[in-house]
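# Per-entry structural report
As a plain string of letters, each chain reads:
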Amino acid sequence: LQGIFVLGLPYALLHSGYSGLLLIVLAAALCCYTGKILIACLYEENEDGQLIRVRDTYEDIANACCKKLSPNLGGIVVNVTQVVELIMTCILYLIVSGNLLSHSFPYVPVTEKTWSVIAFVTLLPCVFIRTLKIVSKLSQLCSLVHFVIILVVITYCLTQVHQWSWAKFRLSLEFEDFLVSVGVIIFGYTSQIFLPTLEGNMKNPGEFRSMLNWTHFFACILKTTFALTAFLTWGEKTKEVITDNLPSFLETLVNLCLLTKALLSYPLPFFAATEIVCSCIYKGNHSNYRSPLLALTVRGSFLLLTLLMAMFTPHFALLMGLSGSVTGAAMTFLLPSLFHLKLKWKKLSCVEKGADISVFILGFLCSLAGIVCSIKGLLEVFG
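Residues numbered from 1 in each chain as written. Predicted model: local features only at pLDDT ≥ 70, side-chain atom pairs only at ≥ 80, totals over all residues. Heavy atoms only, no water.

Going by what an unreviewed UniProt entry lists, the protein is known as Vesicular inhibitory amino acid transporter and is assigned to Origma solitaria. Recorded in UniProt for the protein, the comment headed Sequence similarities (unreviewed entry) runs: "Belongs to the amino acid/polyamine transporter 2 family." (UniProt positions renumbered as here; feature names shortened; annotations may be inferred.)

Summed over all chains, the structure comprises five salt bridges. In this structure, K344 engages E44 in a salt bridge whose closest nitrogen and oxygen atoms are separated by 3.8 Å. Linking K344 in helix 14 (residues 316–344) with E44 in strand 1 (residues 43–45), this pair joins segments that are 300 residues apart in sequence. With a relative accessible area of 10%, K344 lands in the buried category. Among the residues examined, E44 registers a relative accessible area of 22% and is labelled partly exposed. A single network of salt bridges, built from pairs that share partners, joins E44, R55 and K344. (Salt bridge = Lys/Arg side-chain N within 4 Å of Asp/Glu carboxyl O. Helix = DSSP H or I, 4+ residues; strand = E, 2+ residues; numbered from the N terminus. Buried < 20%, exposed > 50% of the residue type's maximum accessible area, 1.4 Å probe, protein only.)

A few words on helix 10 (residues 248–265). At 3.6 residues per turn, the α-helix brings residues three or four places apart onto the same side. When the terminal C-alpha atoms of helix 10 are compared, their 25 Å separation across 18 residues agrees well with the 26 Å that a helix rising 1.5 Å per residue should span. Those residues of helix 10 that sit buried are L250, E251, V254, N255, L258, L259, K261, A262, L264 and S265. (Expected span 1.5 Å × (residues − 1).)

As a further point, take the nonpolar core. Counting 51 residues, the largest nonpolar core has I185, Y189 and F226 as the members making the most contacts within it. Tallying contributions element by element places helix 9 (residues 208–234) first for this core, with ten residues. In this structure I185 touches L9, A12, G20, L23, I24 and A27, once residues within four positions along its chain are discounted. (Core = buried A, V, L, I, M, F, W, Y, C linked by side-chain atoms within 4.5 Å. Contact = heavy atoms within 4.5 Å.)

Okay, the packing of aromatic side chains next. For the structure shown, the criterion picks out seven aromatic pairs. Plain terms: the ring middles of Y156 and W234 are 6.0 Å apart, the flat faces sit at 15° to each other, and that makes the pair stacked. Here Y156, found in helix 6 (residues 132–159), pairs with W234, found in helix 9; they are 78 residues apart in sequence, far enough to count as distant. Like W234, Y156 is buried. One Lys or Arg, K353, reaches over the ring of W345 and ends 4.0 Å from the middle of that ring. (Phe/Tyr/Trp six-rings, centres within 6.5 Å; stacked < 30°, edge-to-face > 60°. Lys NZ or Arg CZ within 6 Å of the ring centre and 35° of its normal.)

A word on the packing of helix 4 (residues 73–104) against helix 5 (residues 112–122). Each packed pair of helices is defined by two parameters, the angle between the axes and the distance between the axes. Two elements in contact, helix 4 and helix 5, have axes whose closest approach is 7 Å; the angle formed by their N-to-C orientations is 115°. Along this stretch, helix 4 crosses helix 5, giving a crossing that reads as right-handed. Every residue of helix 5 that contacts helix 4 at L94, I95, S97, G98, N99, L101 and S102 is listed here: E112, W115, S116, A119 and F120. The class makeup of the residues in the contact of helix 4 with helix 5 is six nonpolar, five polar and one charged. (Axes fitted to C-alpha atoms, helices over the stretch in contact; angles between N-to-C directions. Left-handed = near helix turned anticlockwise from the far one by under 90°. Nonpolar A, V, L, I, M, F, W, Y, C, P; charged D, E, K, R; others polar.)

Tracing the backbone shows K36 in helix 2 (residues 18–40). Salt bridges are absent for the buried K36, whose nearest opposite-charge side chain, E352, sits at 11 Å. A polar side-chain atom of K36 sits 2.6 Å from a polar atom in the side chain of N213. Filtering out sequence-adjacent residues up to four positions away, K36 remains in contact with R209, L212 and N213. (Lys, Arg positive; Asp, Glu negative; His and termini not counted. Polar contact = N/O pair within 3.5 Å; in protein donor to acceptor, adjacent residues only side chain to side chain.)

On to the packing of helix 3 (residues 58–65) against helix 4, then. Relative orientation of the contacting elements helix 3 and helix 4 amounts to 140°, with a least axis distance of 6 Å. Compared by their axis directions, helix 3 and helix 4 come out oblique. As helix 3 packs across helix 4, the resulting crossing turns out to be right-handed. Where helix 3 approaches helix 4, its residues Y58, E59, A62 and N63 are matched on the opposing element by L73, G74, G75, V78 and N79. Of the residues assigned to the contact of helix 3 with helix 4, the class counts are four nonpolar, four polar and one charged. (Parallel < 35°, antiparallel > 145°, perpendicular 65-115°, else oblique.)

Here T327 is to be found in helix 14. In this structure T327 comes out as buried when scored by relative accessible area, which is 4%. Residues T327 and V80 lie 247 residues apart in sequence; the distance between their C-alpha atoms is 9.5 Å. Aside from chain neighbours lying at most four places away, what touches T327 is T81, V84 and E85.

This model, assessed by the stated rule, comprises zero disulfides. Free of any disulfide, C66 has its nearest cysteine sulfur in C65, 6.1 Å distant. (Disulfide = S-S within 2.5 Å.)

Moving on, we come to the layout of surface pockets. Picture a little ball the size of a water molecule; that probe, rolled over the atoms, points out where space is still empty. In this structure, the second largest pocket occupies an estimated 380 Å³ of space. Of all the secondary structure elements, the ones that give two or more residues to the lining of the second largest pocket are helix 2, strand 1, helix 9 and helix 14. A total of three residues in the lining of the second largest pocket trace back to one element, the largest contributor, which is helix 2. Its residues assigned to classes, the lining of the second largest pocket comprises seven nonpolar, two polar and seven charged. (1 Å grid on protein atoms, 1.4 Å probe; cavity = no way out; pocket = protein on both sides within 12 Å on 5 of 7 lines; lining within 4 Å. Points joined across faces, edges and corners; volume = space filled by probe spheres on them.)

With that settled, the discussion passes to the environment of E112. Topologically, E112 is positioned in helix 5. You can call E112 partly exposed: its relative accessible area is 27%. Expressed as a C-alpha distance, the spacing of E112 and S102, which sit ten residues apart in the sequence, is 5.5 Å.

For the rest of this paragraph, the subject is a positive patch on the surface. A cluster of basic residues, K67, K68, K342 and K346, forms a positive patch on the protein surface. By the element assignment, K342 lies in helix 14. (Patch = residues over 30% accessible without salt bridge, like charges linked within 9 Å, V, L, I, M, F, W, Y side chains within 5 Å. Areas by Shrake-Rupley, 256 points an atom, 1.4 Å probe, with all protein chains shown as cover. Charge placed at Lys NZ, Arg CZ, Asp CG, Glu CD.)

Set out below in structure tokens:
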């Protein structure tokens with residue numbers, strides 16, 4: 001929930017004003033709700049009225065909903081969406097790495113794209129990651145570095161409290177910029193693809209709903225505090241990656257910490273994406289899946305793909321907004337509400353049905369508008 005993309009939230013406030021604060025809170029509440037209904041789809045009642053876990057993954061839920069059309073159609077859609085979201089995340093890590101290196105060493109005559117290539121070289125060992133144990137250790141280091149970074153930025157902003165002014169918030173908004181901000185904020189909360197596995201591995205799955213409530217509550221508090229303090233400090237000068245606003249004596253230090261975090265964060269989505277693809281290949285051909293050459297080919301191809309995409313779309317906030325509008329909205333709002341309605345329709349109250357339908361409509365409208373505006377923004381930049 002607290003990825004490196006929290007750095008784009010102050011920039012989102014720049015384009016969304018007061019409504020951006022409401023969006024951060026609303027997105028947390030809606031994502032918490034869709035997380036709960038997604039997990040509810042894993043369970044069915046037995047003859048005694050007890051809930052039994054009959055499905056294990058997001059893919060299983062999708063297949064159960066689409067089994068009348070095609071036994072594997074839903075799983076294919078979910079897997080493709082998940083892979084796209086994970087690969088987009090990897091691309092963003094490379095873009096951020098290039099940006100951070102460029103601003104950390106401004107006197108080195110190297111372009112931002114070249115810095116991304118240099119960062120990419122350090123990630124080549126990811127091709128040889130075979131288990132989640134290594135990835136989990138890297139993720140633990142990421143968490144530690146992340147909170148240090150947030151603490152440093154917020155502490156600096158608090159030293160500038162004398163120049164804060166609520167007048168910096170916009171009262172009138174550009175509709176297109178606002179919609180891009182919606183995508184950025186949504187992307188910061190996307191975690192649904194990991195929830196079925198997380199719930200299945202809990203010692204006490206009955207505490208899942210409580211855990212989800214508390215994690216989203218604290219995530220909302222931290223995101224709101226960070227975005228608000230940073231925006232009040234720099235106002236109209238807020239940049240796409242907020243660390244670019246820091247004074248030089250802090251910028252280099254924080255950027256290097258962020259670079260470390262970005263590089264350590266890359267293996268998790270990369271590993272998850274390649275595992276999904278390898279699992280699909282395994283279902284089709286058992287012998288090929290066990291081939292080390294095939295696994296290396298898949299990982300190598302994905303690694304190269306992220307670099308090429310990072311080279312051609314080096315715009316952090318716009319790309320994050322597009323990702324949030326496409327895959328983020330689908331996995332976080334559209335599919336959970338749709339699946340819940342499909343599997344639990346007869347047992348849902350009118351209020352619950354209305355809530356699911358409302359979430360679906362809201363997610364669809366935000367996704368559609370965000371896609372159009374993000375693509376338009378990217379085309380204008382390239383033009």
